[in-house]
Amino acid sequence: MNRDPLVPLVASPFRHYINGGWETGATTGVSLNPSDLDEPVGDYVRADARQTDTAIEAASAAFREWSLGSAQRRADALDAIGSEMLARRDEVGRLLAREVGKTLPEALAEATRAGQLFKFFATEALRAFAESGASARAGVEIDVTREPLGVIGIIAPWSAPLAIAAAKIGAALAHGNCVVFKPAESAPGCAAALASIVSRAGLPAGVFNLVMGSGRQVGARIAAHPLVAAISFTGSAETGTRVLQAAAARQARVQLEMGGKNPFVVLADADLDGAVEAALSSAYGCAGQRCTAASRLIVERAVFEPFVDALQTKLAKLSVDHALKHGTDIGPLANAAQLERNLDYMRVGQQEGAQWLHGGRQLERATRGYFFEPALFIAEPEHRIAREEIFGPLAVVLRADDYDHALHLANDTVYGLCAGICTRSLSRARHFRRHVQSGLVTINLPTTAVEHHTPGGGRKASAYGATDAAFWTAVKTAYVAS
Ligand code: NAD
């Protein structure tokens, strides 16, 4: 493990890591700091399809040795990655805050989570994936084992560039697979930092590869390449559908974790202060740029006015500023497209007659950045701002007549990622847990209070495919005559 601060984590230009070496690319791009556009994070290299092929071929060539090697070797490598990530969490967290605009505490928490995930998967590598089955015949034994798949293509978003990458890379390597990792173009520095830590963990050349570049060139190539056995994707539903089509065309295995329009229900019997606090954190933490963020606050009529008043009062006190500034509650939006998208939905909300309550303006600060005032509307269920994923600090409040109506509104969406409820009623909480159509559910907690080592879940347009060992391995059933 490298704790020596003299070994630089990563330096610009951020390069690909292919077959155990650092490589330049076909073209370059610039990673900007969304808190300060005059202070770029660094240049990064971008691959074309040919260079992507090189990484996939390297991963394929490394597969045999890696997959047949000892589980202890895999565990040790993952543990070393986790240890260095944790030892250098301040450095990695600062880079994350600079690159995607999370506040420093949010970024440090994600860097810590990423380190812990690698350590979790280190122990997972040592689990035995064998079961004995009962044979219908005398004198026959049945064993069910799970075998590594081959090359896994990992395509990730910018919103949690360390934690999502750690969850996927950790799982893939723990199960004996090789990896080609393609990060989002807004987070190449974080990806290169991760690759730098991985490069010191003693993996054989080719087991882990980082290839940066556009979704259309690099991502699409990974999804279509015949040597990629499976694709693990996190991103928008639109891109996920494209990845699914490419994978289906060649019958490759695929797992998609996609968008949401997550509901957060507040019943009249809830602890109102606690519910407002949880709603604030669910909707506006990480500037609402989390797949688990709640963007539909569904509030029972009896507490609607006090809830909205209390939330507005808290919103007005939030400080939106540079992600590294002490006291900042909400950092900037992560990139220009995100800012444009949120400003656009402000116009949509006003045009369709939703009642504007707070925020929604672009803000000027001491540095030039994508600062956006957290926004709140009272909306009707049919409004686009209440139906479409915005992915930012823009939430709507919907009125519910009673619990049944609240549950109906919660499920009235094409998405099904996560859902939350605040209530003191055990029976309502249990009913909600059973009947809300989502992969994750939180009770008297923010919707974002989830952990990455447990299944991500997700239904409807939010997810596709298994997330557990069934995805990362192929099952084999052996019949043995004794
Ligand atoms: P995105 O869909 O634009 O991009 C995701 C990744 O796909 C990027 O690496 C991108 O370069 C790549 N890509 C783009 N076009 C491609 C193509 N044709 N083929 C293959 N790859 C391609 O998403 P984003 O803007 O980076 O992230 C935000 C989205 O991610 C939101 O919708 C959010 O809800 C979702 N998200 C979901 C989860 C989850 O766990 N369900 C977690 C975080 C983010």
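Residues numbered from 1 in each chain as written. Predicted model: local features only at pLDDT ≥ 70, side-chain atom pairs only at ≥ 80, totals over all residues. Heavy atoms only, no water.

The name given to the chain in an unreviewed UniProt entry is aldehyde dehydrogenase (NAD(+)), and the organism recorded there is Paraburkholderia polaris.

Caption draft 1: Summary view of the domain arrangement of the chain. Looking at the chain, the domain boundaries give domain 1 (16–258 + 462–481) and domain 2 (262–452). For domain 1 and domain 2, the distance between their C-alpha centres works out to 30 Å. Taken residue by residue, the interface counts 26 residues in domain 1 and 27 residues in domain 2. Of the roughly 2300 Å² buried between domain 1 and domain 2 on both sides combined, carbon and sulfur atoms contribute 57%. For domain 1, the biggest contributors to the area lost against domain 2 are Ser35, Trp158 and Ser462; these three give 25% of the whole. Here domain 1 is connected to domain 2 by 1 salt bridge. Of the charged contacts in the structure, one is a salt bridge between arginine 368 and aspartate 38, with a shortest N-O distance of 2.9 Å. (Domains from an automatic or database assignment. Contact = heavy atoms within 4.5 Å. Buried area = accessible area lost by both parts, 1.4 Å probe. Salt bridge = Lys/Arg side-chain N within 4 Å of Asp/Glu carboxyl O.)

Caption draft 2: Spatial organisation of the site of the ligand. Taken together, 26 residues form the shell around the ligand, and within it Ala156, Ser236, Thr239, Met258 and Glu389 come nearest. Here a nitrogen atom of the ligand and a backbone polar atom of methionine 258 are 2.7 Å apart. Between the ligand and glutamate 389, the relevant distance is 2.6 Å, taken from an oxygen atom to a side-chain nitrogen or oxygen of the residue. In isolation the ligand offers 850 Å² of accessible surface; the protein chains occlude 85% of this area. Those elements giving two or more residues to the shell around the ligand turn out to be α7 (215–224), β10 (228–234) and α8 (237–249). In the shell around the ligand, the residues fall into 14 nonpolar, 8 polar and 4 charged. Two domains share the shell around the ligand, each providing at least three of its residues, namely domain 1 (16–258 + 462–481) and domain 2 (262–452). (Near = heavy atom within 4 Å. Polar contact = N/O pair within 3.5 Å; in protein donor to acceptor, adjacent residues only side chain to side chain. Areas by Shrake-Rupley, 256 points an atom, 1.4 Å probe, with all protein chains shown as cover. Helix = DSSP H or I, 4+ residues; strand = E, 2+ residues; numbered from the N terminus. Nonpolar A, V, L, I, M, F, W, Y, C, P; charged D, E, K, R; others polar.)

Caption draft 3: Looking closely at helix α10 (residues 301–317). Compared with the 24 Å implied by 1.5 Å per residue over 17 residues, the 25 Å span of α10 between its first and last C-alpha is a close match. Those residues of α10 not exposed but buried are Val303, Phe304, Phe307, Val308, Leu311 and Leu315. The inward-facing, buried residues of α10 abut β12 (262–266), α9 (272–284), β13 (294–300), β14 (355–358), β15 (375–378) and β16 (394–400). (Expected span 1.5 Å × (residues − 1). Buried < 20%, exposed > 50% of the residue type's maximum accessible area, 1.4 Å probe, protein only.)

Caption draft 4: Spotlight on the pairing of β10. The buried fraction of β10 amounts to 6 of the 7 residues, a majority that puts the element mostly inside the structure. Viewed along the sheet, the connection from β10 through α8 into strand β11 (residues 253–257) turns out right-handed. (Right-handed = clockwise from strand over helix to strand, strands pointing away.)

Caption draft 5: Representation of the packing of helix α4 (residues 104–124) against helix α5 (residues 163–174). Between α4 and α5, the least distance of the axes is 8 Å, while the angle of their chain directions is 10°. The angle between the axes of α4 and α5 places the two elements in the roughly parallel class. Facing Glu110, Arg113, Ala114, Leu117, Phe118 and Phe121 of α4, the residues of α5 in contact are Ala163, Ala166, Ala167, Ile169, Gly170, Ala171 and Ala174. The class makeup of the residues in the contact of α4 with α5 is 10 nonpolar, 1 polar and 2 charged. (Axes fitted to C-alpha atoms, helices over the stretch in contact; angles between N-to-C directions. Parallel < 35°, antiparallel > 145°, perpendicular 65-115°, else oblique.)

Caption draft 6: Broad picture of the environment of tyrosine 370. With respect to the helices, strands and loops of the structure, tyrosine 370 is situated in the loop between β14 and β15. Classification of tyrosine 370 by relative accessible area gives buried; the value is 13%. For the pair tyrosine 370 and glutamate 389, spaced 19 residues apart in sequence, the C-alpha to C-alpha distance is 19 Å. Beyond its immediate sequence surroundings of up to four residues, tyrosine 370 is in contact with Leu32, Pro34, Leu37, Pro332, Leu333, Ala334, Asn335, Ala336 and Leu339.

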